[in-house]
Amino acid sequence: MRPPVTGSADTATAVITGIGACLPPRVVDNDTVIARGGLRTDDTWIRERTGIARRRHADAGTSTGDLAVGAGRAALASAGDRRPQMLLLATGTPDHPCPATAPAVAHRLGLEGIPAFDLSAVCSGFLYALAMATALIRAGTCATVLVIASDTYTTIVNPLDRETAPIFGDGAGAVLVTAGHAAEPGAVGALDLGSDGSGGDLITIPCGGSRHPRRLPDTDQDGHYFRMRGRAVYAHAVRRMTRSADSALRGAGWAPETVRAFVGHQANQRILDSVADRLGIAPAHRFGNIAELGNTAAASIPLVLADPSVHRRVEPGARTLLTAFGGGLTWASAALNWPDVTPMSQQPPSADHPFASSRSDS
């Protein structure tokens with residue numbers, strides 16, 4: 001594995017100075033998901049296999065961009081309304097195939113003129129975007145970057161599919177990162193990223209892109225829905241996240257037993273426990289929200305960072321390890337000092353941009 005990206009105590013790095021969240025108000029329990037899709041399962045099976053009891057679903061007319069605006073506003077308010085010089089939006093469910101969603105989000109946030117673009121690394125997207133923001137700050141290109149992760153997987157998941165329908169929820173999380181020093185609370189340290197395109201068929205939407213454009217007849221009636229080969233993904237996720245997290249720890253010079261906050265991508269509780277067990281991180285230092293929010297894709301890690309209950313249990317500056325795995329295949333990890341900020345949250349705003357239109361729940 002290639003060496004992780006590190007930052008010394010004497011060099012500028014990215015420091016998380018604001019954290020925000022935006023969740024749809026509609027809470028959907030397992031029984032509702034089962035009834036909606038006529039799924040051959042029950043609440044106990046879903047809880048035991050995934051750790052999920054509830055999740056949030058966006059209402060008709062609420063898009064990924066709407067949630068991103070809410071999370072971005074909350075993060076900026078958390079940081080004292082400091083103006084960012086760039087906006088990165090990690091998402092696998094953009095509002096449109098074209099244009100990118102990020103410029104519209106920047107416009108709605110009143111950030112006219114700043115560079116803004118989408119980044120697609122599926123569930124690893126937040127950490128990929130955080131790594132990019134960190135690199136830009138370390139290089140002196142930007143002093144302040146707003147990183148948003150937002151997804152509405154309920155728009156692409158087949159409600160009749162027992163393997164995916166119970167897993168996903170909608171939501172957005174955001175962080176404002178500014179130039180600072182490696183010893184500060186919130187400072188991003190060692191990073192590790194990787195990919196393996198040979199496993200691209202394990203997590204995919206087969207149709208709708210240039211490989212199978214919409215104008216072609218569908219040989220697969222469900223080809224526009226999200227698909228996942230669960231057993232294969234489980235094995236890859238545990239192995240890749242463990243190795244990546246270990247690489248970030250070594251880059252930071254941290255022993256696993258010194259980590260005081262471990263946050264993994266909220267895909268499956270058994271995956272999270274397996275990774276933490278292999279790394280040697282005690283249960284008392286593992287944090288997540290999968291039981292209440294399900295898998296919110298790219299948004300899952302920043303939504304844990306935004307959870308007030310987690311902030312009450314972790315001291316500012318505590319050694320923190322983040323790790324994720326997603327389609328592509330992609331994976332990423334980051335070692336950072338726990339931020340000294342008060343996270344904020346907002347409800348989804350109204351769709352107040354020119355491309356807004358209502359959608360029907362699938």
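Residues numbered from 1 in each chain as written. Predicted model: local features only at pLDDT ≥ 70, side-chain atom pairs only at ≥ 80, totals over all residues. Heavy atoms only, no water.

(A) The arrangement of the pairing of strand β1 (residues 12-22) in detail. Counted residue by residue, β1 has nine buried out of eleven residues, so it is predominantly covered. In terms of strand pairing, β1 meets strand β7 (residues 170-181) through ten bridges, oriented antiparallel. Each bridged residue has a counterpart across the sheet, and for isoleucine 19 the counterpart in β7 is valine 175. With three bridges connecting them, β1 and strand β14 (residues 344-346) associate as parallel partners. If you follow cysteine 22 over to β14, its bridge partner there is glutamine 346. (Buried < 20%, exposed > 50% of the residue type's maximum accessible area, 1.4 Å probe, protein only. Helix = DSSP H or I, 4+ residues; strand = E, 2+ residues; numbered from the N terminus. Pairing = 2+ DSSP bridges.)

(B) Here's a closer look at the side chain of serine 124. Considering the arrangement of structural elements, one finds serine 124 in the loop between β5 (116-119) and α5 (125-139). Judged by relative accessible area, which is 0%, serine 124 ranks as buried. Residues within four places of serine 124 in sequence aside, it is in contact with Ala324, Phe325, Gly326, Thr330, Trp331 and Ala332. (Contact = heavy atoms within 4.5 Å.)

(C) Local environment of helix α2 (residues 43-50). Here α2 starts with a cap whose side-chain oxygen sits 3.2 Å from the backbone nitrogen of threonine 44, and that cap is aspartate 42. Two residues or fewer past α2, glycine 51 is found with a positive phi of approximately 85°. (Polar contact = N/O pair within 3.5 Å; in protein donor to acceptor, adjacent residues only side chain to side chain.)

(D) Seen up close, the sheet that holds strand β4 (residues 86-90). In spatial order, the strands read β5-β4-β6-β7-β1-β14; together these six strands make up an open sheet with mixed pairing. The open sheet has two edge strands with one neighbour each: β5 and β14. Between one strand axis and the next, the sheet turns through 25° on average, direction left out of account. (Axes fitted to C-alpha atoms, helices over the stretch in contact; angles between N-to-C directions.)

(E) Region of the structure containing the UniProt feature "domain: Beta-ketoacyl-[acyl-carrier-protein] synthase III N-terminal" (unreviewed entry) in the chain. Listed under "domain: Beta-ketoacyl-[acyl-carrier-protein] synthase III N-terminal" (unreviewed entry) in the UniProt record, and renumbered for this structure, are residues 117-197. With 19% helix and 40% strand, residues 117-197 has its two end C-alpha atoms placed 23 Å apart. (UniProt positions renumbered as here; feature names shortened; annotations may be inferred.)

(F) Seen up close, the UniProt feature "domain: Beta-ketoacyl-[acyl-carrier-protein] synthase III C-terminal" (unreviewed entry) in the chain. Those residues carrying the UniProt feature "domain: Beta-ketoacyl-[acyl-carrier-protein] synthase III C-terminal" (unreviewed entry) are residues 250-338 in this numbering. Counted over residues 250-338, helix gives 31% and strand 22%. Its end C-alpha atoms are 18 Å apart.

(G) Geometry of helix α3 (residues 64-78). If you check α3, its first and last C-alpha atoms are 21 Å apart, about what 15 residues at 1.5 Å a residue would give, namely 21 Å. Along α3, 13 of the 15 residues are buried, which leaves the element largely enclosed by surrounding structure. In the stretch just after α3, glycine 80 is the one whose phi turns positive, near 85°. (Expected span 1.5 Å × (residues − 1).)

(H) Representation of the environment of valine 263. Among the secondary structure elements, valine 263 is positioned in strand β11 (residues 261-264). Separated by 164 residues in the primary sequence, valine 263 and proline 99 place their C-alpha atoms 32 Å from one another. If we skip the residues at most four places from it in the chain, valine 263 touches Phe287, Ile301, Val304, Leu321, Leu322 and Thr323.

(I) Representation of the nonpolar core. Core analysis: the largest hydrophobic core is formed by 48 residues, its most contacted members being Phe126, Leu127, Val145 and Val177. Among the elements that take part in this core, α5 stands out by supplying nine residues, more than any other. When residues no more than four places from it in sequence are discounted, the contact partners of phenylalanine 126 are Ala90, Val147, Ala149, Val175, Ala298, Ile301, Pro302 and Leu305. Core analysis: the next-biggest nonpolar cluster, separate from the first, contains 39 residues, Ile34, Cys123, Trp254 and Ile290 among them. (Core = buried A, V, L, I, M, F, W, Y, C linked by side-chain atoms within 4.5 Å.)

(J) Representation of the pairing of strand β6 (residues 144-152). By the criterion of burial, β6 is predominantly enclosed, with nine of the nine residues buried. Of the two faces of β6, the one holding Thr144, Leu146, Ile148, Ser150 and Thr152 and the one holding Val145, Val147, Ala149 and Asp151 are both buried throughout. Summarising the sheet, β4 and β6 pair through five bridges and their orientation is parallel. In the sheet register, leucine 89 faces β6, and the bridge partner there is isoleucine 148.

(K) Representation of the packing of helix α1 (residues 30-37) against α2 in the model. Between α1 and α2, the shortest axis-to-axis distance is 9 Å and the interhelical angle comes to 115°. As the angle between them shows, α1 and α2 are arranged roughly perpendicular. Crossing hand, α1 versus α2: right-handed. Contact with α1, carried on its side by Asn30, Asp31 and Ile34, involves Asp43, Ile46 and Arg47 of α2 and no other residues of that element. Class assignment of the residues belonging to the contact of α1 with α2 gives a composition of two nonpolar, one polar and three charged. (Parallel < 35°, antiparallel > 145°, perpendicular 65-115°, else oblique. Left-handed = near helix turned anticlockwise from the far one by under 90°. Nonpolar A, V, L, I, M, F, W, Y, C, P; charged D, E, K, R; others polar.)

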